[in-house]
Amino acid sequence: MQKHHNPERRVLVTGGAGFIGSHTVDLLLEQGTSVLAVDNLATGHEANLETAKKSTDFRFECQDVAQADAFHQIVERFHPQAIIHLAALVSVQESIHNPALNFERNVLATQSVIDAAQKCDVRNVVFASSAAIYGDNPELPLRETSEKQPLSPYGGAKLASEALLMAAANTYHFTATANRYFNVYGPRQDPKSPYSGVLSIFLSRFLQGQTPTVFGDGQQTRDFISVQDVARMNVMAACSPLDGFHAFNVCTGSATSLLDILAVFREQFPDTHETVFKEARPGDIIHSLGAPEFAREKLGFSASVPLREGLTAYIESARTTTV
Ligand code: UD2
């Protein structure tokens with residue numbers, strides 16, 4: 001990546017201490033941008049910002065984005081040209097058990113970002129949306145125009161946030177981009193919960209010499225995209241030349257089964273015991289696949305990290321950080 005030092009360019013990243021946020025922060029800093037990360041550290045970790053903290057172009061504020069007055073003051077002081085809004089309640093399960101908290105963190109927080117952007121003349125807002133807004137739509141590949149059928153308060157909140165951003169972009173004439181992430185994987189993904197990303201769970205089990213569990217027959221497929229590609233799309237969207245609101249799938253357009261994933265893991269961990277197969281999770285989607293063409297046509301974005309390469313690098317980086 002070319003580095004042009006440009007501290008006049010300022011980007012605020014909410015959720016900057018999270019999995020996707022910290023990679024986005026690192027990429028912006030590599031490009032010579034001044035970055036302010038705002039995070040309440042509910043699920044983010046300051047350790048994710050170790051590299052970022054070495055840069056004089058980086059600042060961090062521990063703050064909840066949904067607290068509109070405090071967030072507004074931060075935006076006013078930093079005066080960024082763009083806000084990349086990634087702060088969220090990230091667990092679908094938690095959104096089902098605590099829909100009020102989901103509303104606060106995934107809808108009110110978006111409104112807080114919109115209000116601050118409008119008052120402080122921020123001309124570009126990027127939002128972390130999700131393939132969860134499509135629900136279990138069987139018409140694959142999913143296109144941006146496909147029917148939206150969210151199956152959880154989490155998916156509903158992401159869709160509601162998109163609507164708020166669309167209306168705000170049209171009303172106040174700024175650029176807003178909703179990035180609908182498919183299955184993101186890579187370093188710093190937290191494997192702690194049973195509902196964490198499957199690749200982070202598999203990796204942590206293999207590293208501990210344990211057997212991975214596959215729910216179902218392993219033939220379910222996902223559109224796995226590297227966090228490096230996702231960070232690049234976030235940064236591209238923050239410089240988007242487009243006017244008004246656009247929503248993009250952030251995906252590769254390739255489906256990979258869990259069995260294929262396990263084959264790659266097994267090359268790296270040949271001594272692990274056989275995989276355990278358990279009953280499929282209730283409500284589990286069998287196949288998910290995005291159409292990547294619209295992001296390529298409109299923004300020139302296409303995923304560049306092949307899954308095998310990204311997975312091998314992910315395994316390698318986990319080995320070197322845990323040793
Ligand atoms: C993703 C999102 C979820 C929601 C959903 C909407 C992630 C991490 N999850 O769920 O938040 O947006 O899409 O469609 O991005 N599995 C195993 N063994 C394990 C863990 C998982 O076999 O130890 C299976 C799981 O049953 C599923 C597949 O792996 O069939 C992928 O699971 P996931 O939770 O990583 O992602 P997904 O697409 O179900």
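Data block above holds the structure.
Keep in mind it's a predicted model, so treat the numbers as computed, not measured.

Cut-off values and rules
- One numbering rule holds for all chains: residues counted from 1, following each sequence as written.
- Given that the model is predicted, a residue must reach a pLDDT of at least 70 before its local features are reported, and side-chain atom pairs must reach 80 or more before they are shown or counted; all residues, however, enter totals for whole chains, interfaces and linings.
- Computation of side-chain values: all heavy atoms of the structure, hydrogens and water removed.
- Numbering goes from the N terminus for both helices and strands, where a helix is a DSSP run of H or I of at least four residues and a strand is a run of E of at least two.
- Contacts: residue pairs with any heavy atoms within 4.5 Å of one another.
- Any two cysteine sulfur atoms within 2.5 Å of one another count as a disulfide.
- When accessible area is computed with a 1.4 Å probe and restricted to protein chains, residues below 20% of their type maximum are described as buried, those above 50% as exposed, and intermediate ones as partly exposed.
- What makes two strands pair is DSSP finding at least two bridges between them.
- Handedness of a crossover is defined as follows: with both strands directed away from the viewer, a clockwise route from the first strand across the helix to the second makes it right-handed.
- A 3.5 Å cut-off defines polar contacts: any pair of N or O atoms within that distance qualifies, except that in protein one atom must be a possible hydrogen donor and the other a possible acceptor, and neighbouring residues in sequence count only when both atoms are side-chain atoms.
- We define proximity as follows: a residue is near a molecule or strand when any one of its heavy atoms falls within 4 Å of that partner.
- Method for areas: the Shrake-Rupley scheme with a 1.4 Å probe, in which residue coverage is limited to the protein chains shown.
- Under the grouping applied here, Gly and all other residues not named as nonpolar or charged are polar, the nonpolar ones being Ala, Val, Leu, Ile, Met, Phe, Trp, Tyr, Cys and Pro and the charged ones Asp, Glu, Lys and Arg.
- What makes a nonpolar core is a set of buried Ala, Val, Leu, Ile, Met, Phe, Trp, Tyr and Cys residues whose side-chain atoms join them at distances within 4.5 Å.
- Ring pairs shown here join Phe, Tyr and Trp side chains whose ring centres sit within 6.5 Å, with only the six-membered ring taken for Trp; geometry is labelled stacked below 30 degrees between planes, edge-to-face above 60, and tilted in between.
- Both a distance and an angle decide whether a charge sits over a ring: NZ of Lys or CZ of Arg must be within 6 Å of the ring centre and within 35 degrees of the ring normal.
- By definition here, a salt bridge exists when the distance from a side-chain nitrogen of Lys or Arg to a carboxyl oxygen of Asp or Glu is within 4 Å.

Q: Please set out the environment of Thr33 residue by residue, giving values where relevant.
A: With respect to the element layout, Thr33 can be found in strand S2 (residues 33-39). With sequence-adjacent residues up to four places away left out, Thr33 is seen in contact with Asn6, Arg9, Arg10, Val11, Leu28 and Asp57.

Q: Break down the state of the cysteines for me, citing the residues and quoting the values.
A: In protein chemistry, a disulfide is the covalent bond that joins the sulfur atoms of two cysteines. Tallied over the entire structure, the rule returns zero disulfides. Free cysteine: Cys120, not disulfide-bonded; nearest cysteine sulfur from Cys239 at 20 Å. Overall, the relative accessible area of 8% leaves Cys120 in the buried class.

Q: Any details on the pairing of strand S6 (residues 175-181)? Residues and values, ideally.
A: With seven of seven residues buried, S6 is to be regarded as a mostly interior element. Two strands pair when backbone bridges link them, and strand S5 (residues 124-130) and S6 are joined in this way by seven bridges, in the parallel orientation. In the sheet register, Val125 faces S6, and the bridge partner there is Ala176. Crossover S5 to S6 through helix H5 (residues 153-172) is right-handed. Where S6 meets strand S11 (residues 245-250), six bridges bridge the pair, whose relative direction is parallel. Counted as the bridge partner of Arg180 is Asn249 from S11.

Q: Outline the side chain of Gln63, listing residues and values.
A: Structurally, the position occupied by Gln63 is in the loop between strand S3 (58-62) and helix H2 (68-78). Separated by 3.2 Å, the side chains of Gln63 and Gln67 make a polar contact. Setting aside residues no more than four positions away along its own chain, Gln63 makes contact with Val38, Asp39, Asn40, Ala70 and Ile74.

Q: Kindly report on the site of the ligand, identifying the contributing residues and their values.
A: Lining the immediate environment of the ligand, one finds 18 residues, of which Val198, Thr213, Phe215, Arg222 and Asp284 sit closest. Within the side chain of Asn183, one N or O atom sits 3.0 Å away from an oxygen atom of the ligand. Between the ligand and the protein, one listed contact pairs an oxygen atom with a backbone N or O atom of Phe215 at 2.8 Å. Within the complex, the protein chains bury 82% of what would otherwise be the 730 Å² of accessible surface of the ligand. Elements represented by at least two residues in the shell around the ligand include exactly helix H6 (198-207) and strand S8 (213-215). The residue inventory of the shell around the ligand, partitioned by class, reads nine nonpolar, six polar and three charged.

Q: Tell me about the nonpolar core, and name the residues and values.
A: Judged by nonpolar contacts, the single largest core of 35 residues is most densely connected at Val13, Ile20, Val25, Phe58, Ile84, Tyr181 and Val184. Elements with a contribution of two residues or more to this core: strand S1 (6-14), helix H1 (19-30), S2, strand S4 (82-85), S5, helix H7 (227-238), S11 and helix H9 (293-299). Looking at this core, the element that brings in the most residues is H7, giving seven residues. For Ile20, the residues in contact, after removing those within four places along its chain, are Leu86, Tyr181, Val184, Val227, Val230 and Asn234. Core analysis: the next-biggest nonpolar cluster, separate from the first, contains 28 residues, Val38, Ala117, Ala169 and Ala176 among them.

Q: Could you give an account of the packing of aromatic side chains, naming the residues involved and the relevant values?
A: Summed over all chains, the structure comprises six aromatic pairs. Their ring planes at 40 degrees and their centres at 5.2 Å tell us that Phe248 and Phe294 sit as a pair that is tilted. Note that Phe248 is positioned in strand S11 and Phe294 in helix H9, a separation of 46 residues in sequence. Residue Phe248 is classed as buried on the basis of its relative accessible area of 0%. These aromatic residues form a ring-pair network of at least three members: Phe202, Phe206, Phe265 and Phe269. Over the ring of Phe269 we find Arg319, and its NZ or CZ is 4.3 Å from the ring centre.

Q: Explain unusual backbone geometry to me, and be specific about the residues and the numbers.
A: Residue Leu140 is joined to Pro141 through a cis peptide bond whose omega torsion reads 0 degrees. Here Pro141 is to be found in the loop between S5 and H5. Positive phi outside glycine occurs at His173, with the angle close to 60 degrees. Along the polypeptide, His173 turns up in the loop between H5 and S6.

Q: Outline the pattern of salt bridges, supporting the account with residue identities and numerical values.
A: Tallied over the full model, the rule gives ten salt bridges. A salt bridge links Arg222 to Asp284; its shortest N-O distance comes to 3.2 Å. Placement of Arg222 in strand S9 (residues 221-222) and of Asp284 in the loop between strand S13 (276-278) and H9 is noted, with a sequence separation of 62 residues between them. Between Asp229 and Arg232 there is a salt bridge, with the nearest N and O atoms lying 2.9 Å from each other. Linking Asp229 with Arg232, this pair stays in helix H7, spanning three residues, or about one helical turn.

These figures capture arrangement, not role.
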